[in-house]
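Secondary and tertiary structure notes
The residues making up each chain are set out below.
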Amino acid sequence: MNAVPPPPPRGLTSDIQPGDPFHPLTHAEMAHATNLGSEREIWQPIMPAPKEPALPRGATKLWVYRDAEGRPLCARFRKPDEKGGKVVLPLTFGRRVWTDRKGVRRDETGWHWKQPVKPLPLYGLDRLAILPDAPVLLVEGEKTADAAALLFPDHVAITSPGGSKAAGNSDWSALAGRNVILWPDNDEPGQMWVDDVIRLLREAGAGIVKKVELPAGLPDAWDLADPLPDEIAEWSEDPEPLRTALERAPLAASNVEMPSGYLMKPGGLFFRPEQTGDDVKPDIWIAAPFDVVAETNDGTGQAWGLLIRWVDRDGRTHQWSIPKRLVHGEGKEIAGELEDAGLNCSIAGTRHFRQFIASVKTKTRLRCVDRSGWHDTPKGSAFVLPGGLTLGAGARSVIFQSDRAATGQEFQAAGTLADWQRGIAAYAVGNSRLALFVAAAFAGPLLDIAGEQSGGVHLVGKAQSGKSTAAYLAGSVWGRGDRDGQVRSWRGTANGLEGIASETSDTVLILDEMGQADSREVGEITYLLANNSGKTRAARSGNARARKTWHVLFLSTGEVTLAAKMGEHGNRTMAGQEVRLVNVPADAGAGMGLFEALHGLESPGALADHLRVAARTHYGTASRAFLGRLTQDRSDESDVLLGFIKDIRRNFETAFMPAGADGQVRSVAARFALIAAAGELAIDYQVLPWPQGEAFRAAGVCFKAWLAERGGVGASEDRQAIEQVRAFIEQHGESRFTNLTPDPLTGDDRTDDRIRTINRAGFKRRVGTTNGDRWEYLILPEMFRSEVCKGLDAPRAAKALKEAGLLIPGDGKNLACRVPVPGEGRPRVYLIKGDILGGDHD
């Protein structure tokens, strides 16, 4: 039907002369025409067109929409865009009157890059007329429809224009009474297009509607125009798998079953009250438009939720898997979270919204998870980010679910990868601490692959030495490198950090300024983060609640060490804590604080300022590029990937591990080696613009710095035992040890009986050796156990003293020896050399 020509608009003068009616619009004309107000432009489509369209300039393909008689109605064509991709644009015959960018009023009748009037025709109406009794094969896109027509000539292959979001713009009445089989593209938009079409076909009165079930393992976005993958097991034994899939297509069912009374209109979700009598009640607006994607649960039938997706007023796409347990509250929590994330909700419609979430049903099921990172699915491993991005073979089977709609804002991306490489990553070359933190930011996803334990690296140094700059760089790998982004504060409780650890699992957790932490909790937090799970808590019924779990390589900065921080409250660090969070001195020793290379900038401060601003401008792209390759390698070449990590670890131990190192040192070395492997992998993936070996070198430099700061390669417990015995003697050497040195004048064994030792811990004596005189301390066994080694394993402490050459053992296996003491017989004592006061021993 031709559009009725409207009367000439106001302001159109008779001196306007029509131009070439078949001259297509240029890009500039199209852009300018878009900006014109409706009162200044006239568009009168003419359908069918009086002549065939020509291929527009620069176009690579043209699809002509025809009516049942074969006459051209409109067309769509494909052409490359300025970004190297492709665009599909409409082409319609009609009269257009507009003012061009030069201010010239133009009136042209011909083929224009314009859309016809809605509803739009289907592509393939001429085929439909030729085979009036044949089943209809409905696919997405003109290219796919042409491919389907060749594959199945006994079916009528047709499609609707405009892509997956525009099914509602077409006129589906031509399919009334026809049997239809839907063949979706293998992606989420394809599934959503099918859902819309099923509803529209029912409204149009179509006959039997079926939908082809696609097998697992198809490439993402695969359609009938693509080559058939050989590796699909379900199809590999079938000589005609496509034909079989078509013939076995089951009856189609819409994914979403709306509750009674609810409607999703262009303006959003509405509730239609029951109409009684002549009083027509208007529909009640509930919320702005959103898509219901799927119902979710944790795979065991627990933690049910509803995944919805919407676009905010600035065009950003959001999604949230709403826990269904929240509908049994007042509903304000749900509405508040959605408003925060840009989905308007009616204040008066909260009750209806809760009822909708509780009642709506979907055919699609997804497995929800409450932590980010790796998850196993039937289709393979998937990596989930809190913001909704999921990568890997099983990406379409799993979704992140939390109580917050805005979860994942810290993982947003800005700028391009090239910007991040040029403005941030390049400056880490030659700066060992910066390179260590940046490489460590990539190491989180490798924890699960390599089977390594969680742990942390603490950059410690004076204020304004550049520690926070390193944290910003590491944060920019995953999101905004700032305190309101990826960099969080130590100032928080262990309970609060449980949730953050779960949301950042397999990524990176960055905690800035340990000095702000509560000294009573900092040790517990260290254990908590490194032990991969939260506290066991009781539910109201008394049963244990499900614990939060994670894998995390956490980074920390501060002016104090963990031991110093815990010491503020009189607590002592355990060896396990010192292994889980290792101290790396921030000062790189080049006289520039953290920095060793300024890369042409005039000062360390200028470099820090540049990096701080850059990390707030370009971020989040590196992790996505890294995960894109990593998920693929884990799926296709997991053995090669694991072998790469093992080789790096072996080479790291060869290069940097001292001989005779304790297991604790080896455990820390494994963490640095994993960081090195992550950095080298990122270099290999061309995500980090560093020369090969840079991450390995930086990790080695920092590992050696940690080892030097630690003071040895022995076990921490042994070092702590020696330090505690030394501290006891230093503190009580005069007051609690009776002096056995003979009087030089009388030769008596006791120097002065009038001197009483209060709370005696033992004795001391001066003995001669080949190297001169020295003191020896004879500590009574009970005092050695209960006071000197309080909080330690006393036998292990004695053994550590012996191995350090500071304890003279007794006979046989006895570490305590019998020594004659005037007036006391020959008691067993732990005989400690006075050399213990002379320096460090490990």
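Since the structure is predicted, the reported quantities are computational estimates derived from the model, not experimental observations.

Formed by 85 residues in total, the largest nonpolar core has its most connected members in F442, L630 and F703. The dominant element in this core, judged by the number of residues it contributes, is helix α20 (residues 663-684), at 13 residues. When residues no more than four places from it in sequence are discounted, the contact partners of F703 are F652, F656, V665, V668, A669 and F672. In terms of nonpolar packing, the next biggest core, distinct from the first, is built from 25 residues, F271, A287, L326 and F353 among them.

Packing of α20 against helix α21 (residues 694-710) leaves a shortest axis separation of 8 Å and a crossing angle of 160°. Viewed along their axes, α20 and α21 adopt a mutual orientation that is roughly antiparallel. Relative to α21, α20 is oriented so that their crossing is right-handed. Across the interface between the two elements, Q664, V665, V668, A669, F672, A676, G679, E680 and I683 from α20 touch E694, A695, F696, A699, C702, F703, W706, L707 and R710 from α21. Of the residues belonging to the contact of α20 with α21, the class tally is 13 nonpolar, two polar and three charged.

Throughout the structure, instances matching the rule amount to 23 aromatic pairs. A ring pair is formed by Y262 and F356, whose centres lie 5.4 Å apart and whose planes are at 55°; its orientation type is tilted. One end of the pair, Y262, is in strand β11 (residues 262-265); the other, F356, is in helix α8 (residues 350-359), with 94 residues separating them in the sequence. Pair check on accessibility: Y262 and F356 agree, each one buried. Relative to F696, the ring of F656 has its centre 5.7 Å away and its plane inclined at 40°; by these criteria the two rings are tilted.

Let us look at the UniProt feature "domain: DUF6371" (unreviewed entry) in the protein chain. Per the UniProt annotation, the sites labelled "domain: DUF6371" (unreviewed entry) are residues 121-185. Taken end to end, residues 121-185 has its terminal C-alpha atoms 21 Å apart, with 25% of it in helix and 14% in strand.

What follows concerns the pairing of strand β4 (residues 86-99). Across four bridges, strand β1 (residues 42-45) lies against β4 in antiparallel orientation. When the bridges of β4 are listed, I42 appears paired with V97. In this sheet, β4 lies alongside strand β3 (residues 72-80) in antiparallel orientation, the contact comprising six bridges. Residue pairing in the sheet places K79 in a bridge with V87 of β4. Counted between consecutive antiparallel strands, the loop separating β3 from β4 contains five residues, among which G84 sits at a positive phi close to 90°. With eight bridges joining them, β4 and strand β5 (residues 105-112) adopt antiparallel strand pairing. Residue pairing across strands places R95 opposite T109, the latter belonging to β5. Connecting the antiparallel pair β4 and β5 is a turn made up of five residues, with G103 showing a positive phi of about 85°.

Moving on: the side chain of E41. With respect to the helices and strands, E41 occurs in the loop between α1 (27-35) and β1. Side-chain polar atoms of E41 contact the side chain of K114, separated by 2.9 Å.

The next subject is the sheet that holds strand β20 (residues 380-384). Across a sheet, paired strands are connected by hydrogen bonds in the backbone, their directions being either parallel or antiparallel. Strand order in the open sheet made by the three strands is β19-β20-β21, with antiparallel pairing throughout. In this open sheet, the two edge strands, each paired with only one partner strand, are β19 (373-377) and β21 (390-392). Averaged over neighbouring strand pairs, the angle between their axes works out to 30° when direction is ignored. In the packing of helix α18 (residues 621-636) onto the sheet, contacts are made with β19, β20 and β21, and the angle to β21 comes to roughly 40°.

Quick notes on the rules
Residues numbered from 1 in each chain as written. Predicted model: local features only at pLDDT ≥ 70, side-chain atom pairs only at ≥ 80, totals over all residues. Heavy atoms only, no water. Core = buried A, V, L, I, M, F, W, Y, C linked by side-chain atoms within 4.5 Å. Buried < 20%, exposed > 50% of the residue type's maximum accessible area, 1.4 Å probe, protein only. Helix = DSSP H or I, 4+ residues; strand = E, 2+ residues; numbered from the N terminus. Contact = heavy atoms within 4.5 Å. Axes fitted to C-alpha atoms, helices over the stretch in contact; angles between N-to-C directions. Parallel < 35°, antiparallel > 145°, perpendicular 65-115°, else oblique. Left-handed = near helix turned anticlockwise from the far one by under 90°. Nonpolar A, V, L, I, M, F, W, Y, C, P; charged D, E, K, R; others polar. Phe/Tyr/Trp six-rings, centres within 6.5 Å; stacked < 30°, edge-to-face > 60°. UniProt positions renumbered as here; feature names shortened; annotations may be inferred. Pairing = 2+ DSSP bridges. Polar contact = N/O pair within 3.5 Å; in protein donor to acceptor, adjacent residues only side chain to side chain.

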